[in-house]
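Topology and contacts: notes
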Amino acid sequence: MVDFVPGVNILFGKNGLGKTNLVEAVEVLSTGSSHRASSTLPLIERGQTTATIRANVADDAGQTTTYEASIHARGANRARINSGSSLYLRDIIGKIPSVSFTPEDQRLVSGDPGARRVMMNQAAALLEPGYMQFTRIAKQRATLLKQLNANANNGQPMDAVLSGLEIWTGQFIEAGVALTRMRAHVIGLLAEPFAAIYADLAGAGEQVTLTYAPSFDEVLMFDDPHPQISEHFQRIYPGEVARGQNLIGPQRDDLTLRLNDMPAREFASNGEMWTMALALKMALYEVVSAQRDVKPIVILDDVFAQLDESRRGQILDFARRQDQVLITVAAASDIPQGEAHVIDVAALRAQSQETDGDIAAMAAMLAAGRGAQSQGIEAES
């Protein structure tokens, strides 16, 4: 168990001791996903079937709520609030808002669309209630397509194969349209502060833009896009069955980032990409704070080794103005100057092994950074 205090908390220790696992527990509770993994399976310790995260969260009034999430290697991920009835993980997503700054952030500009979709999903999970519903339907339709592919390969007539798609396609379109509109709203909220923050970080004369590039582009073109999307699906049914996957839909969305009206992925320097990534995460923090009237927890996971002195100063200046910050560092030289609560992760690990006999039982606990109040997250895996 580890207690975090209000203000700046630093998890210090060599790589491989579990620093990122501790802050990752907070991120998963907050957004339902991790910046390091595209699925929840890598979050479970090797040889185990389940990872459990528990959080004691105190609000400004001092009321404490306990959240629990169970991540399963097979089956649906579950959750509980105050040891109540079993819920889906998606039912508690967004209740503990956080924004993470990580070494992977540069991929938001330079990487493939998958990295930007993770960011969109995490942002929308914090800003749009009910957002996580689409993922379940997309996975179920993809599973059906794989089954239909197997049936077709076994000689079943294609008409019979395709008839099984109609019901799931209708649900997929309905959920996809709703999700596309949510993403469009979220990116619309982020675009203006992103541009303003980048200009402040990079200096006058530098202009950036952020726009949403949906796969269901009909959603933004028609009041009722369902007929157009349905016709499009009917044309590509054979191709979807042949490949066993959803060929269009929000799982293929992207963001477009431009620097001085040029594609940032192609023309931005390494330093400019880092500044754009910082500005995008800072914009998310600003929007969540404004929309939800609460300051999210700020997570800085091993970012100082990646940043030059100027950008390190920028992110530290931002972080020190927040209620609570969790920072992981591997080198003593990366520990920022100033008042902070430093946690020796090697000692924490040894204490956990001595107490519980197994690192799988290590717990992380998060304290709130609001005045004298405290907020806590326990994570076990």
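Above this text sits the structure in question.
We now turn to the structure provided with this report. Quick caveat, the model's predicted, so the values are computed rather than measured. (Residues numbered from 1 in each chain as written. Predicted model: local features only at pLDDT ≥ 70, side-chain atom pairs only at ≥ 80, totals over all residues. Heavy atoms only, no water.)

**Overview of helix H3 (residues 113-127)**
Since the α-helix turns once every 3.6 residues, residues separated by three or four places project in the same direction. The test is simple: Every helix listed is a DSSP run of H or I at least four residues long, and every strand listed is a run of E at least two residues long, numbered separately from the N terminus. Here, expected helix span is obtained from the residue count minus one, scaled by 1.5 Å. Working definition: with a 1.4 Å probe on protein chains only, accessible area under 20% of the residue-type maximum means buried, over 50% means exposed, and in between means partly exposed. Polar contacts here mean pairs of N or O atoms no more than 3.5 Å apart (in protein, one a potential hydrogen donor and the other a potential acceptor; neighbouring residues in sequence count only if both atoms are side-chain atoms).
Between its first and last C-alpha atoms H3 spans 21 Å; for 15 residues at 1.5 Å apiece the expected length is 21 Å, and the two agree. When you tally the buried positions in H3, you get 11 out of 15 residues, the bulk of the element. Where H3 begins, the capping side chain belongs to Asp112, and its oxygen is found 3.0 Å from the backbone nitrogen of Gly114.

**Section: the environment of Gly249**
Tracing the backbone through its elements, the reader meets Gly249 in the loop between helix H7 (226-243) and strand S8 (254-259). For Gly249, a relative accessible area of 0% corresponds to the buried category. Between the C-alpha atoms of Gly249 and Asp217, which are 32 residues apart in sequence, the distance is 9.5 Å.

**Quick look at helix H1 (residues 19-31)**
End to end, H1 covers 19 Å across 13 residues, agreeing with the expected 18 Å (1.5 Å per residue, within 8%). In terms of burial, H1 is a largely internal element, 12 of the 13 residues being buried. Of all the positions in H1, only Lys19, Thr20, Leu22, Val23, Glu24, Ala25, Val26, Glu27, Val28, Leu29, Ser30 and Thr31 are classed as buried. Looking one or two places after H1, you find Gly32, whose phi comes out positive at around 85°.

**Some thoughts on the pattern of salt bridges**
We apply this condition: What makes a salt bridge here is a side-chain nitrogen of Lys or Arg within 4 Å of a carboxyl oxygen of Asp or Glu, nothing more.
Under the definition given, this model contains nine salt bridges. Taking the shortest distance from any N to any O, the salt bridge between Arg116 and Asp254 comes out at 2.6 Å. Of this pair, Arg116 sits in helix H3 while Asp254 sits in strand S8, and the two are 138 residues apart along the sequence. Accessibility expressed as a relative area gives 4% for Arg116, which makes it buried. For Asp254, a relative accessible area of 18% corresponds to the buried category.

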